[in-house]
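What the coordinates show
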Number of protein chains: 2
Amino acid sequence: MQDEELANMMRALGHPVRLNILRIIAARTRDCCCADVTQCLPLAQSTVSQHIKVLLEAGLIERRSKGTRNCYVLMHEKILLFENSLGGLTGSLLETE
Amino acid sequence: MQDEELANMMRALGHPVRLNILRIIAARTRDCCCADVTQCLPLAQSTVSQHIKVLLEAGLIERRSKGTRNCYVLMHEKILLFENSLGGLTGSLLETE
DNA sequence: TGCTTATATCGTTACATGACGATGAAACGG
DNA sequence: CCGTTTCATCGTCATGTAACGATATAAGCA
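Throughout what follows, the structure given in this document is the object of discussion. Here the structure is a predicted model, which means the values were calculated and not measured.

Bringing the relation of the copies chain A and chain B into the picture now. Least-squares fitting of chain A to chain B yields an RMSD of 0.0 Å, with the transformation described by 0.0 Å of translation along the axis and a rotation of 180°. Taken together, the rotation and translation describe the operation of a two-fold axis. Of the residues that chain A buries at the interface, 100% are likewise interface residues in chain B, meaning the two copies contact each other through the same surface.

Residues in close proximity to DNA strand C total 23 residues, the closest being A:Cys33, A:Ser49, A:Tyr72, B:Thr47 and B:His51. Put simply, 68% of the atoms of DNA strand C that lie within 4 Å of the protein are in sugar or phosphate. The backbone of A:Cys34 places a nitrogen or oxygen atom 3.2 Å from a phosphate oxygen of DNA strand C. The set of elements that each furnish at least two residues to the surface near DNA strand C consists of α3 (34–39), α4 (45–57) and β2 (69–74) of chain A together with α4 (45–57) of chain B. Of the residues assigned to the surface near DNA strand C, the class counts are six nonpolar, 12 polar and five charged.

The end-to-end C-alpha separation of helix α2 (residues 16–27) of chain B is 16 Å, in line with the 16 Å expected for 12 residues at 1.5 Å each. Considered for burial, the residues of α2(B) that qualify are B:Val17, B:Arg18, B:Leu19, B:Ile21, B:Leu22, B:Ile24, B:Ile25 and B:Ala26.

Attention shifts here to the packing of helix α2 (residues 16–27) of chain A against α4(A). All names here are of chain A. It is the contact of α2 with α4, at a shortest axis distance of 10 Å, that shows an interaxial angle of 80°. As judged from the angle between their axes, α2 and α4 are roughly perpendicular. On the side of α2, the interface is formed by Val17, Arg18, Ile21 and Leu22, while α4 contributes Val48, His51, Ile52, Val54 and Leu55. By residue class, the composition of the contact of α2 with α4 is seven nonpolar, one polar and one charged.

A few words on the nonpolar core. The biggest cluster of nonpolar side chains holds 59 residues, and the ones touching the most others in it are A:Ile21, A:Leu60, A:Ile61, B:Ile21 and B:Leu60. The contacts of B:Leu60, once residues within four sequence positions are left out, are B:Met9, B:Ala12, B:Leu13, B:Leu22, B:Leu55, B:Val73, B:Leu74, B:Met75 and B:Ile79.

It is worth spelling out the protein's contact with DNA strand D at this point. Lining the immediate surroundings of DNA strand D are 23 residues, of which A:Thr47, A:His51, B:Cys33, B:Ser49 and B:Tyr72 lie closest. The sugar-phosphate portion of DNA strand D accounts for 69% of its atoms within 4 Å of the protein, the bases making up the rest. A distance of 3.2 Å is found between a phosphate oxygen of DNA strand D and a backbone nitrogen or oxygen belonging to B:Cys34. In the environment of DNA strand D, a sugar or linking oxygen lies 3.5 Å from a nitrogen or oxygen atom belonging to the side chain of B:Asn70. Residues of the surface near DNA strand D, tallied by class, amount to six nonpolar, 12 polar and five charged.

Interfaces are often described in size by the accessible area the parts lose on coming together. Across the boundary between the two partners, chain A contributes 30 residues, which contact 30 residues of chain B. Where chain A abuts chain B, roughly 2800 Å² becomes buried across the two surfaces, and 70% of that area is made up of carbon and sulfur atoms. Notably, a salt bridge pairs A:Arg23 with B:Asp3, separated by 3.0 Å at the nearest N-O pair. Joining chain A to chain B, the criterion identifies four residue pairs in polar contact (both at pLDDT 80 or more). For the side of chain A that touches chain B, the secondary structure elements donating two or more residues are α1 (3–12), α2 and α5 (76–95) of chain A. For the side of chain A that touches chain B, the element with the most residues is α5(A), which contributes 11 residues. For the side of chain A that touches chain B, a count of residues per class yields 17 nonpolar, seven polar and six charged.

Conventions and cut-offs
Residues numbered from 1 in each chain as written. Chains lettered and ligands numbered in written order. Predicted model: local features only at pLDDT ≥ 70, side-chain atom pairs only at ≥ 80, totals over all residues. Heavy atoms only, no water. Least-squares fit on C-alpha atoms with pLDDT ≥ 70 in both. Contact = heavy atoms within 4.5 Å. Near = heavy atom within 4 Å. Polar contact = N/O pair within 3.5 Å; in protein donor to acceptor, adjacent residues only side chain to side chain. Helix = DSSP H or I, 4+ residues; strand = E, 2+ residues; numbered from the N terminus. Nonpolar A, V, L, I, M, F, W, Y, C, P; charged D, E, K, R; others polar. Expected span 1.5 Å × (residues − 1). Buried < 20%, exposed > 50% of the residue type's maximum accessible area, 1.4 Å probe, protein only. Axes fitted to C-alpha atoms, helices over the stretch in contact; angles between N-to-C directions. Parallel < 35°, antiparallel > 145°, perpendicular 65-115°, else oblique. Core = buried A, V, L, I, M, F, W, Y, C linked by side-chain atoms within 4.5 Å. Buried area = accessible area lost by both parts, 1.4 Å probe. Salt bridge = Lys/Arg side-chain N within 4 Å of Asp/Glu carboxyl O.

Now the structure itself:
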């Protein structure tokens, strides 16, 4: 994964609310829509929607229209790539010990 | 690790230049000072120093004074904690599959 | 068609960030 | 001591971000 993309994903996760949103989406066994997320947070719907957009653009989640609702699911492959890139980063760091 | 701290580290790494700086520091077998880093980047010294400060405040690196120079080394423990927290995050994510 | 629901987007405000040049500070070396 | 080196910090500017309320859009339902 290129640095630019890795940095984008890092930045997307570089906000407590977005970490939270990712966990909320992950924890739902059923569909997870914007209202579900908003209900878990002390933030306005528009603010939550904005955070979701950041996660979308980072490729960490995916949108799926279901009727009038938009549901979100994790992009497992992308997250795995992310994790591996990070492992490579810290791995090479640890080699220098 | 608390979300706030995790998000701070993510944000610190959420910039290509800072990813680069971390790698530069990691790759040096000898002391790594600000000038060394600046030499590797097309940025002003003040800009590099500012980026280094972000990494410092996130606890990813540590400063050690050596004469007139300030040298930087990785905080391996913190980086390991970071990696583990992330593993926990994605791990729980993957469980939902 | 017209209403409701769910959500994205817009417009705004306050504040943070990234970049630079210039300046200040701390530790040598003469 | 005084100059040099090395680096952090300051001041500044342009741009980005986070938050909100208000509005627009798109799909379903009556």
